[in-house]
2 protein chains.
Amino acid sequence: MSISSRFAVGIHILTLIEFNKEGVTSSEYLASSVNTNPAVIRKLMGMLKKAGLIEVHPGIAGAKLAKELSNITLFDVYKAVNVVQEKELFSIHESPHPDCPIGRNIQNTIEPLFTAAQLAMEKVLRNVTLEDVVKDITTKENI
Amino acid sequence: MSISSRFAVGIHILTLIEFNKEGVTSSEYLASSVNTNPAVIRKLMGMLKKAGLIEVHPGIAGAKLAKELSNITLFDVYKAVNVVQEKELFSIHESPHPDCPIGRNIQNTIEPLFTAAQLAMEKVLRNVTLEDVVKDITTKENI
DNA sequence: ATTACATGTAATTATTTTAGTTACACGTAT
DNA sequence: ATACGTGTAACTAAAATAATTACATGTAAT
């Protein structure tokens, strides 16, 4: 199964807040661009806020980035929206038979291999910032 | 969400076939070690067979590896059991608004980044063979 | 202070995937 | 013919996603 689109939507939200920084980026405005429900956006904004990526206030329309664009990596967003837990990208079957040499060792043997694969994926995310995303869109739009 | 344990179980199955190569590795025997239902194992055996990793025959008990241990990578198993599709480790929200500069570009901007992360993960899987797994278990068991 | 509007958040729903279970057709060998 | 194994389809329960609805709470302008 795929990793939740919350991650992609989180990137979308942050990027749009940056592009619209002169204006008011309300959950309704964001929801329109993402094409979803404002409540979905507000839930994600809550996660991004909790992770210290944006500033939002109850009753006050709009959100602002809490950090420099170049200082927010895709990994930060990925962790903020809680799509994959540490060491849990791959699931391992539980309760293999302890009387079998394979059954009693397979989990401990596989786990570090899976973790290494997950870390390699996450390393790529750490090396991309929202600034890269914004620049790419700017280029595509010829702004 | 996590990637299906079919992957871990697939590795378990292949490893156990190797360890038990002098004996008869039936779906019931495998199911006992994995601690699941024989039908689940048979479904996975079908996938592993289709991928050319094992040999199984209707009516004849047991399975044999179709390739050298050192010639089967974790990536081969991963593809065989069909847990993640190409370019689909991460899902991207559909139908963002085309009238928004972000909405109409976000998918194309994000997609290669997500693909790069997925490929980095898969590269790690390509560099581990079942022989590594077997050796690790052999060491742990002091055989 | 009342109205208008925004965020925060809980409850509900439909859809999808997983993993397990049951059942049975079909193939092989004694 | 019987016993046993694989192949496979149908059904179920549990979990997660994403959308939707509703409403409490917070802020600001009139």
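In case you missed it, the structure is sitting above this.
The text that follows walks through the structure, step by step, so that each part is easy to find. Just so it is clear, the model here is predicted, and its values are computed rather than measured. (Residues numbered from 1 in each chain as written. Chains lettered and ligands numbered in written order. Predicted model: local features only at pLDDT ≥ 70, side-chain atom pairs only at ≥ 80, totals over all residues.)

**Digging into the overall build of chain A**
Argument step 1. Along its length, chain A carries six helices and two strands.
Argument step 2. Along the chain direction, N to C, the helices and strands of chain A fall in the order α-α-α-β-β-α-α-α.
Argument step 3. Computed over C-alpha atoms, the radius of gyration of chain A comes to 19 Å, more than 25% over the 15 Å expected from 2.2 N^0.38 for 143 residues, which places it beyond the range of a compact globule.
Argument step 4. Expressed as lengths along the three principal axes of its C-alpha atoms, the size of chain A is roughly 65 × 30 × 25 Å.
Argument step 5. Residues classed as buried in chain A amount to 39% of the 143 residues present.
Argument step 6. Across chain A, contacts joining residues at least 24 apart in sequence account for 66% of those joining residues at least 6 apart. (Helix = DSSP H or I, 4+ residues; strand = E, 2+ residues; numbered from the N terminus. Rg over C-alpha atoms; globule rule 2.2 N^0.38 Å. Buried ≥ 20, exposed ≤ 12 C-beta atoms within 10 Å, placed from the backbone. Contact = placed C-beta atoms within 7 Å.)

**Here's the deal with the protein's contact with DNA strand C**
Argument step 1. In the vicinity of DNA strand C, 28 residues are found, and the nearest of them are Ala61(A), Ser4(B), Ser5(B), Ala39(B) and Gly59(B).
Argument step 2. At the level of secondary structure, the elements contributing two or more residues to the surface near DNA strand C comprise helix H2 (27–34), helix H3 (38–50) and strand S2 (60–65) of chain A together with helix H3 (38–50) of chain B.
Argument step 3. Among the elements that take part in the surface near DNA strand C, H3(A) stands out by supplying six residues, more than any other.
Argument step 4. Its residues assigned to classes, the surface near DNA strand C shows eleven nonpolar, twelve polar and five charged. (Near = placed C-beta within 6 Å. Nonpolar A, V, L, I, M, F, W, Y, C, P; charged D, E, K, R; others polar.)

**Considerations on the protein's contact with DNA strand D**
Argument step 1. Close contacts around DNA strand D come from 27 residues, with Ser4(A), Ser5(A), Ala39(A), Gly59(A) and Ala61(B) the closest.
Argument step 2. Of all the secondary-structure elements, those providing two or more residues to the surface near DNA strand D are H3 of chain A together with helix H2 (27–34), H3 and strand S2 (60–65) of chain B.
Argument step 3. For the surface near DNA strand D, the class distribution of residues is ten nonpolar, twelve polar and five charged.

**What about the packing of helix H1 (residues 6–19) of chain B against H2(B)?**
All names here are of chain B.
Argument step 1. At a closest axis distance of 10 Å, the pairing of H1 and H2 adopts a crossing angle of 120 degrees. Here H2 runs oblique to H1, going by the angle between their axes. For the crossing formed where H1 meets H2, the hand is right-handed. Residues Val-9, His-12, Ile-13 and Leu-16 of H1 lie in contact with H2, whose contacting residues are Leu-30, Ser-33 and Val-34.
Argument step 2. Each residue belonging to the contact of H1 with H2 can be placed in one class, and the counts come to five nonpolar, two polar and no charged. (Axes fitted to C-alpha atoms, helices over the stretch in contact; angles between N-to-C directions. Parallel < 35°, antiparallel > 145°, perpendicular 65-115°, else oblique. Left-handed = near helix turned anticlockwise from the far one by under 90°.)

**A few points about the relation of the copies chain A and chain B**
Argument step 1. The operation relating chain A to chain B is a screw motion whose rotation component is 180 degrees, with 0.0 Å of axial translation and a residual RMSD of 0.0 Å. Both copies of the chain, as the preceding transformation shows, are related through a two-fold rotation axis. For chain A, the minimum C-alpha distance to the rotation axis belongs to Met121(A) and amounts to 2.4 Å.
Argument step 2. Of the residues that chain A buries at the interface, 100% are likewise interface residues in chain B, meaning the two copies contact each other through the same surface. (Least-squares fit on C-alpha atoms with pLDDT ≥ 70 in both.)

**Some thoughts on H3(B)**
Residue and element names in this part refer to chain B.
Argument step 1. In a regular helix each residue adds 1.5 Å, so 13 residues correspond to 18 Å; H3 covers 18 Å between its end C-alpha atoms and thus fits that length.
Argument step 2. Listed as buried for H3 are Ile-41, Leu-44, Met-45 and Leu-48. Looking down the long axis of H3, one finds its buried residues gathered within 110 degrees of arc, a one-sided arrangement. What points out from H3, more than 90 degrees from its buried face, is the exposed set Ala-39, Gly-46 and Lys-50. (Expected span 1.5 Å × (residues − 1). Arc of directions from axis to C-beta.)

**Focus: the interface of chain A and chain B**
Argument step 1. Taken together, the 50 residues of chain A in the interface contact 50 residues of chain B.
Argument step 2. The set of elements that each furnish at least two residues to the side of chain A that touches chain B consists of helix H1 (6–19), H2, helix H5 (106–126) and helix H6 (130–141) of chain A.
Argument step 3. Residue contributions to the side of chain A that touches chain B peak at twelve residues, all from H5(A).
Argument step 4. Class assignment for the residues of the side of chain A that touches chain B results in 29 nonpolar, 16 polar and five charged.

**Some thoughts on the pairing of S2(A)**
Argument step 1. Here four bridges tie strand S1 (residues 54–57) of chain A to S2(A), and the two strands are oriented antiparallel to one another. Bridge pairing in S2(A) links His57(A) to Ile60(A). (Pairing = 2+ DSSP bridges.)

**A word on the nonpolar core**
Argument step 1. Ranked by size, the top nonpolar core spans 84 residues in total, and within it Phe7(A), Ile13(A), Leu14(A), Phe7(B), Ile13(B) and Leu14(B) carry the most contacts.
Argument step 2. Once residues within four sequence positions are removed from consideration, Phe7(A) is found in contact with Val77(A), Tyr78(A), Val81(A), Val83(A) and Phe90(B). (Core = buried A, V, L, I, M, F, W, Y, C linked by C-beta atoms within 7 Å.)

**Section: the environment of Phe75(A)**
All names here are of chain A.
Argument step 1. When you line up the elements, Phe-75 lands in helix H4 (residues 74–80).
Argument step 2. Residue classification places Phe-75 among the partly exposed positions, given that 18 C-beta atoms sit within 10 Å.
Argument step 3. Through-space distance from the C-alpha of Phe-75 to that of Val-124 is 8.3 Å; in sequence the pair is 49 residues apart.
Argument step 4. When sequence neighbours within four positions are dropped, the list of residues in contact with Phe-75 reads Glu-122, Leu-125 and Arg-126.

Function cannot be read off these values alone, since they describe shape.
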